[in-house]
Amino acid sequence: MGTNHMGRQSIRFPQPPVVRGFASVAGKKEREGPLGDQFTATVQDTTFGEKSWERAERRMQQMTLELALEKAGLTDADLDAAFAGDLLNQCIGSSFSLRNRGVPTLGLYGACSTMAESLLLAAMSVSGGFARTALAMTSSHFASSERQYRFPLGYGGQRTPTSQWTVTGAGAVLLGGGERGIRITAATIGSIVDRGICDANNMGAAMAPAAFATLRAHFDDLHCAPEDYDAIITGDLGRLGSEILHGLLEKDGIHADVQDCGVMIFDTRRQDVHCGGSGCGCSASVLCGPLLSRMERGELRRLLFCGTGALLSPLSTQQGESIPAVCHAVVLERS
């Protein structure tokens with residue numbers, strides 16, 4: 001007991017699970033961004049042929065899972081556990097997408113950190129011998145999230161300069177045993193940080209301190225440094241949150257070139273997204289599209305993926321509560 005636990009918050013996996021398959025699906029606006037041709041699939045019709053935005057998100061998750069299973073040469077029957085969640089009330093995007101598939105499922109809510117959280121838990125289950133193959137999956141949809149957290153699209157409300165654009169996207173990773181390929185070797189579980197930010201349209205400022213706290217813990221617990229990684233990627237602080245994170249790191253004497261999925265996925269000068277992208281599907285689609293593809297091609301050897309989440313709800317915002325945030329970090333290495 002305890003031999004795999006490093007420091008206060010981190011884990012080393014004695015039997016690192018291997019990525020057996022992955023896939024990402026993104027919408028029309030994401031297709032028009034800088035990473036548009038690097039997703040597994042994109043769609044022009046963001047209704048996905050469905051009658052509601054919530055059903056569209058469910059269909060998007062199903063497409064992503066089917067593409068990941070096809071890539072891995074697996075079926076639903078091969079999955080011993082699914083770790084999935086989204087932004088909708090009671091995580092209906094994930095539970096509805098997996099219903100009647102016969103897959104043992106654990107629902108998660110980590111807001112925009114859900115991809116990192118699900119990946120971390122799936123890795124623990126496989127490395128610990130509790131699952132042979134596990135799924136990590138999440139999604140977000142611009143229109144369903146607008147209805148959930150702000151106003152229906154027809155309301156026509158103006159966005160503040162610090163706001164971010166919820167990505168229409170989904171990502172899925174299948175983990176299993178093996179010796180070669182992209183492996184998950186370590187992780188840092190984030191603690192919940194709240195620095196008193198109350199503006200629900202400034203999530204980057206709320207999440208940046210949580211990202212800093214997790215990176216600091218990761219470097220301390222695992223006795224490593226930024227230069228040990230080919231890339232450190234957060235998701236998704238947006239432009240303002242990234243600037244705050246870099247300021248916190250520099251103040252602490254940590255010199256790190258940290259990139260952010262919310263900045264990478266859109267062209268903020270050409271696309272009207274203000275501070276960039278957000279939503280569970282932002283970091284999920286970037287990880288399960290461009291990043292893992294680059295690792296597969298050998299362009300990246302060691303990646304530190306840090307999913308950030310603002311743990312607010314419409315009710316807490318209406319009650320004037322500040323915004324707690326969390327960040328989970330996962331180390332991916334190509335053997």
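Residues numbered from 1 in each chain as written. Predicted model: local features only at pLDDT ≥ 70, side-chain atom pairs only at ≥ 80, totals over all residues. Heavy atoms only, no water.

K.L.:
How should the overall build of the protein be read in this particular structure?
P.N.:
Of the regular secondary structure elements, the protein holds 10 helices and 15 strands. Principal axes of the C-alpha set define a box for the protein whose edges measure 50 × 50 × 35 Å. By residue count, 58% of the 335 residues in the protein fall in the buried class. Within the protein, contacts between residues separated by at least 24 positions form 78% of all contacts whose residues are at least 6 apart in sequence. Only carbon and sulfur atoms are counted for the fraction: they give 49% of the accessible area of the protein, which is about 13,700 Å². Averaged over its 30 positive side-chain charges, the protein has a centre that lies 3 Å from the centre of its 35 negative ones. (Helix = DSSP H or I, 4+ residues; strand = E, 2+ residues; numbered from the N terminus. Buried < 20%, exposed > 50% of the residue type's maximum accessible area, 1.4 Å probe, protein only. Contact = heavy atoms within 4.5 Å. Areas by Shrake-Rupley, 256 points an atom, 1.4 Å probe, with all protein chains shown as cover. Lys, Arg positive; Asp, Glu negative; His and termini not counted. Charge placed at Lys NZ, Arg CZ, Asp CG, Glu CD.)

K.L.:
Looking at this model, I keep getting lost on the side chain of Thr168. Mind explaining?
P.N.:
For Thr168, the location among the structural elements is in the loop between β8 (165-166) and β9 (169-176). For Thr168, a relative accessible area of 4% corresponds to the buried category. Polar contacts involving the side chain of Thr168 include one to the main-chain amide nitrogen of Phe142, which spans 3.1 Å. Aside from chain neighbours lying at most four places away, what touches Thr168 is Val25, Ala26, Gly27, Glu30, Phe48, Met60, Ser140, His141 and Phe142. (Polar contact = N/O pair within 3.5 Å; in protein donor to acceptor, adjacent residues only side chain to side chain.)

K.L.:
Sorry if this is basic, but what is going on with the environment of Leu87 here?
P.N.:
You can see Leu87 is positioned in the loop between β5 (81-85) and α3 (92-98). Apart from the residues lying within four places of it in its own chain, the contact partners of Leu87 are Tyr109, Ala111, Ser139, Ser140, Ser145, Gln148, Tyr149, Gly279 and Cys280.

K.L.:
When you look at the environment of Ser118 in this model, what are you seeing that I'm missing?
P.N.:
Within the secondary structure, Ser118 is located in helix α4 (residues 114-127). Considered as a pair, Ser118 and His328 are 210 residues apart in the sequence and their alpha carbons are 9.8 Å apart.

K.L.:
Looking at this model, I keep getting lost on the pairing of strand β7 (residues 133-140). Mind explaining?
P.N.:
Within a regular strand, the side chains alternate between the two sheet faces. With respect to burial, β7 is a largely interior element, eight of its eight residues being buried. Burial along β7 is two-sided: Thr133, Leu135, Met137 and Ser139 facing one way and Ala134, Ala136, Thr138 and Ser140 facing the other are all buried. As defined by bridge partners, β5 adjoins β7 across five bridges and the pair is classed as parallel. Directly across from Ala81, in β7, lies its bridge partner Ala134. (Pairing = 2+ DSSP bridges.)

K.L.:
Would you mind going over the state of the cysteines with me for this structure?
P.N.:
In protein structure, a disulfide is the covalent linkage between the sulfur atoms of two cysteines. Going through the model one piece at a time under the given rule, you end up with zero disulfides. Cys275 forms no disulfide, and the closest cysteine sulfur to it belongs to Cys282, at a distance of 13 Å. In this structure Cys275 comes out as buried when scored by relative accessible area, which is 5%. Left unpaired, Cys306 is separated from the closest cysteine sulfur, that of Cys327, by 4.9 Å. (Disulfide = S-S within 2.5 Å.)

K.L.:
Looking at this structure, I do not really get α4. What am I missing?
P.N.:
In an α-helix there are 3.6 residues to a turn, and that puts residues three or four apart on one side. For α4, built from 14 residues, the straight-helix expectation of 20 Å at 1.5 Å per residue is met to within 8% by its first-to-last C-alpha distance of 20 Å. With respect to burial, α4 is a largely interior element, 12 of its 14 residues being buried. The set of residues buried in α4 consists of Thr114, Met115, Ala116, Glu117, Ser118, Leu119, Leu120, Ala122, Ala123, Ser125, Val126 and Ser127. Two residues or fewer past α4, Gly129 is found with a positive phi of approximately 85°. (Expected span 1.5 Å × (residues − 1).)

K.L.:
Is there a simple way to think about the packing of aromatic side chains in this case?
P.N.:
When we look at a pair of aromatic rings, we describe it by the centre distance and by the angle of the planes. Throughout the structure, instances matching the rule amount to one aromatic pair. When the ring of Phe142 is compared with that of Trp165, the centres are 4.1 Å apart and the planes differ by 0°; the resulting orientation is stacked. Residue Phe142 is found in helix α5 (residues 142-149), and its partner Trp165 is found in strand β8; the two are separated by 23 residues along the sequence. We classify Phe142 as buried; its relative accessible area is 13%. A residue is classified by how much of its surface remains accessible, and Trp165, at 17% relative accessible area, is buried. Here Lys29 stacks its cationic end above the ring of Trp165, 4.4 Å away from the centre of that ring. Over the aromatic face of Phe96 sits the side chain of Arg99, whose NZ or CZ is 4.4 Å from the ring centroid. (Phe/Tyr/Trp six-rings, centres within 6.5 Å; stacked < 30°, edge-to-face > 60°. Lys NZ or Arg CZ within 6 Å of the ring centre and 35° of its normal.)

K.L.:
I keep staring at the packing of α4 against helix α9 (residues 280-296) and nothing clicks. Help me out?
P.N.:
The description of two helices packed together rests on the angle between their axes and the distance between the axes. For the pair α4 and α9, interaxial distance at closest approach is 8 Å and the crossing angle is 60°. On the basis of their axis angle, the class for α4 and α9 is oblique. Along the contact surface, α4 presents Thr114, Met115 and Leu119, while α9 presents Cys280, Ser283, Ala284, Leu287 and Cys288. The residue inventory of the contact of α4 with α9, partitioned by class, reads six nonpolar, two polar and no charged. (Axes fitted to C-alpha atoms, helices over the stretch in contact; angles between N-to-C directions. Parallel < 35°, antiparallel > 145°, perpendicular 65-115°, else oblique. Nonpolar A, V, L, I, M, F, W, Y, C, P; charged D, E, K, R; others polar.)

K.L.:
Would you take a moment to explain α9 for this structure?
P.N.:
Under the 1.5 Å per step criterion, the end-to-end length of α9 is 23 Å for 17 residues, consistent within 8% with the ideal 24 Å. Across the 17 residues that make up α9, a large majority, 15, are buried. A positive phi of about 90° marks Gly298, the residue just after α9.

K.L.:
Could you clarify how one ought to interpret the packing of helix α6 (residues 203-222) against helix α7 (residues 238-251) in this entry?
P.N.:
Two numbers describe how α6 lies on α7: the axes approach to 8 Å, and their chain directions differ by 35°. As α6 runs across α7, the sense of the crossing is right-handed. Here Gly204, Ala205, Ala208, Pro209, Ala211, Phe212 and Leu215 of α6 come into contact with α7, specifically with Gly241, Ile244, Leu245, Leu248 and Leu249. (Left-handed = near helix turned anticlockwise from the far one by under 90°.)

Function cannot be inferred from these measures alone, as they are strictly geometric.
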